[in-house]
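Single-letter residue listing:
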Amino acid sequence: MLFGISTYSPGFPIITVTQSTSRIYLGTLTYAFFLGSSSGFGMLLSRLKIGDYSGLILGYLVTSVASVGFIPLFHYGEFGLYPLVILLGIGSAFAETFEPSLVSKVSGQNVGTGMGVLSLSRGIGYFIGNSVMGVLYSFSYVYAYGFAPWSPLALRSRS
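S.K.: How should the packing of helix α3 (residues 24–47) against helix α5 (residues 77–106) be read in this particular structure?
M.R.: To describe two helices that pack against each other, one gives the angle between their axes and the distance between the axes. Close contact between α3 and α5 brings their axes to 7 Å; oriented N to C, the two are set at 40 degrees. In terms of orientation, α3 lies oblique with respect to α5. Between α3 and α5 lies a crossing of right-handed hand. Residue-level inspection shows L26, L29, T30, F33, F34, S37, S38, F41, G42 and L45 of α3 in contact with α5, the latter providing E78, Y82, V85, I86, L88, G89, I90, S92, A93, F94, T97 and F98. Residue classes in the contact of α3 with α5 are distributed as 14 nonpolar, seven polar and one charged.

This is the structure in structure tokens:
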């Protein structure tokens, strides 16, 4: 759920690139960069020997750095934002690879239930994260991208 809250729909980077460049086609191309980096890096991760916890923490860290990067690099258009979109895709690849792996190990014989709980909690997290991002984005992209990386840290410190 924490990953869902701390990340958001790729629609936000699409809107941000479009807003920054005033070119709709560059915003649309953002999705290809995100999906390409996520799938390509996911394939690479399947070949590497990285521990589940290390991989998950690294994925959260990459996603946080990329999110915060949108604030100072907004005015550089696609040249500043596309590398961040690629980093978001890489962070997503880490989460998509290591969260299910970790859940399958922790849930024992109840793998199906564990995966269902993972999907449910991600869905709730995405709903919360996207709702808050949308409200904050209506004020400024700075608030929206400033929110995402810090929200799971606040939640983790309470648990």
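From this point, things continue past the structure.
S.K.: What exactly am I supposed to notice about the packing of aromatic side chains here?
M.R.: For any pair of aromatic rings, the description consists of the separation of the ring centres together with the inter-plane angle of the planes. If you walk through the whole model with that rule in mind, you get seven aromatic pairs. Between F33 and Y82, the aromatic rings sit 4.4 Å apart at their centres with planes inclined by 25 degrees, giving stacked as the arrangement. Taken together, the positions of F33 in helix α3 and Y82 in helix α5 put the pair 49 residues apart, joining distant regions of the chain. For F33, a relative accessible area of 30% corresponds to the partly exposed category. Ring centres of F74 and Y141 lie 4.0 Å apart, and the angle between their planes is 20 degrees; on these two criteria the pair is classed as stacked. Taken as a pair, F74 in the loop between α4 (52–73) and α5 and Y141 in helix α7 (residues 141–147) lie far apart in primary sequence, 67 residues in all. A single burial state applies to F74 and to Y141, both of which are buried.

Criteria and thresholds
- Residues numbered from 1 in each chain as written.
- Predicted model: local features only at pLDDT ≥ 70, side-chain atom pairs only at ≥ 80, totals over all residues.
- Heavy atoms only, no water.
- Axes fitted to C-alpha atoms, helices over the stretch in contact; angles between N-to-C directions.
- Helix = DSSP H or I, 4+ residues; strand = E, 2+ residues; numbered from the N terminus.
- Parallel < 35°, antiparallel > 145°, perpendicular 65-115°, else oblique.
- Left-handed = near helix turned anticlockwise from the far one by under 90°.
- Contact = heavy atoms within 4.5 Å.
- Nonpolar A, V, L, I, M, F, W, Y, C, P; charged D, E, K, R; others polar.
- Phe/Tyr/Trp six-rings, centres within 6.5 Å; stacked < 30°, edge-to-face > 60°.
- Buried < 20%, exposed > 50% of the residue type's maximum accessible area, 1.4 Å probe, protein only.

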